[in-house]
Amino acid sequence: MRRIGVVGGGLMGAGIAEVGARAGLDVILVESTTQAATSARSRIDTSLQRAEAKGKLGQGETAHQVLDRIAVATDLGALEDRDLVVEAITEDERAKTVLFGNLDRIVSMPDAILASNTSSIPIMKLGVATQRPEHVVGIHFFNPVPVLPLVELVPSLLTAPDTVRRSRAFVEDQLGKQAIDCQDRAGFVVNALLIPFILSAIRMCESGFASPQDIDRGLVLGAAHPQGPLALADLIGLDTTKAVADSLYDEFKEPLYAAPPLLQRMVDAGLLGRKAGRGFYSYEGSPR
């Protein structure tokens, strides 16, 4: 891979663009508006400046040099010549399938890989929205992308073995990440285990059994977790947490995957966690 594209410049998309540029790749990041594209570039610049200050960029490289490898655009047509495009938009099945149909028409390289960073939506549903399902695969990064080493590789039943091989080479050899293989089932490996755990913590809070602070302190101090499940939900985003839970429930119909009413009400209220300034905790100084 030499030329990659990223669609969506939120926390995940910006992180994917950053690690691609840090690996020396030519990156185009596409957002829906000029303002969103500018914000994404600023977000990447801030992250790179922080990495440079900590001495974590490549030897002799500056944040400015890495940032120069990233172009931002508002037109999907800019992705025409890409070797690989990673979709990192909102966790909405319809929006993703429409996007994959558009990418199929736009990306002209015959062996280009169309990848999704989805947390839970089956890759098959995205693959069949194109005329090249053999080149569609899940490449699921974890937040924050520049820091966490794990990537889930998720082929559908129609994904070609060569697509998986090339995707693994991109993830491991070029980006320096570690890949695990996942079946094309909602939630894949990590979220199929993690989301029920977070939902259980939300139900415990909802019932009044324990406060958010005590639930999180219990898991940090008693089970050596780096952070508690409710703080983690705030980091993931409560809207994303609910979207993954809904996808899991739609596929498996297991009660443990059903989003608790408290989670639904918080999403309705816009209390989405860190990105909104408030979730189970306030990010302006004091706990909720």
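Refer to the preceding data block for the structure.
Anyway, here's the lowdown on the structure attached to this text. (Residues numbered from 1 in each chain as written. Predicted model: local features only at pLDDT ≥ 70, side-chain atom pairs only at ≥ 80, totals over all residues. Heavy atoms only, no water.)

1. Some points on the sheet that holds strand β7 (residues 150-155)
Convention followed: Only strands joined by at least two bridges in the DSSP assignment are considered to pair. To qualify as a helix, a DSSP run of H or I must reach at least 4 residues; to qualify as a strand, a run of E must reach at least 2; elements of each kind are numbered from the N terminus. To obtain each axis, a line is fitted to C-alpha atoms, and for helices this fit is confined to the stretch in contact; angles are then taken between N-to-C directions over 0 to 180 degrees. Only heavy atoms matter for contacts: two residues are in contact if any of them lie within 4.5 Å across the pair.
Strand order in the open sheet formed by eight strands is β3-β2-β1-β4-β5-β6-β7-β8, and the pairing between neighbours is mixed. Strands with a single pairing partner mark the edges of an open sheet, and in this sheet they are β3 (70-73) and β8 (178-181). Strand-to-strand twist across the sheet, computed as the mean angle between neighbouring axes with direction ignored, equals 25 degrees. Here five bridges tie strand β6 (residues 136-141) to β7, and the two strands are oriented antiparallel to one another. Of the residues in β7, the one forming a bridge with Ile139 is Leu153. On top of the sheet, helix α1 (residues 11-22) reaches β1 (3-7), β2 (26-30), β3, β4 (84-87) and β6; it is set at about 165 degrees to β2, its chief contact.

2. Here's the deal with the pattern of salt bridges
A pair can form between side chains of opposite charge whenever their charged atoms are brought close. As a reminder of what qualifies: Note on definitions: salt bridges are taken to be side-chain nitrogens of Lys or Arg within 4 Å of carboxyl oxygens of Asp or Glu.
Taken as a whole, this structure holds 17 salt bridges when the rule is applied. Notably, a salt bridge pairs Glu61 with Arg69, separated by 2.1 Å at the nearest N-O pair. Measuring nitrogen to oxygen at the nearest pair gives 2.9 Å for the salt bridge that ties Lys275 to Asp239. On the criterion of sequence distance, the pair formed by Lys275 in the segment after α11 (261-268) and Asp239 in helix α10 (residues 238-252) is long-range, its members being 36 residues apart. Residues participating in the shared-partner salt-bridge network are Arg3, Asp26, Asp81, Arg82 and Asp83.

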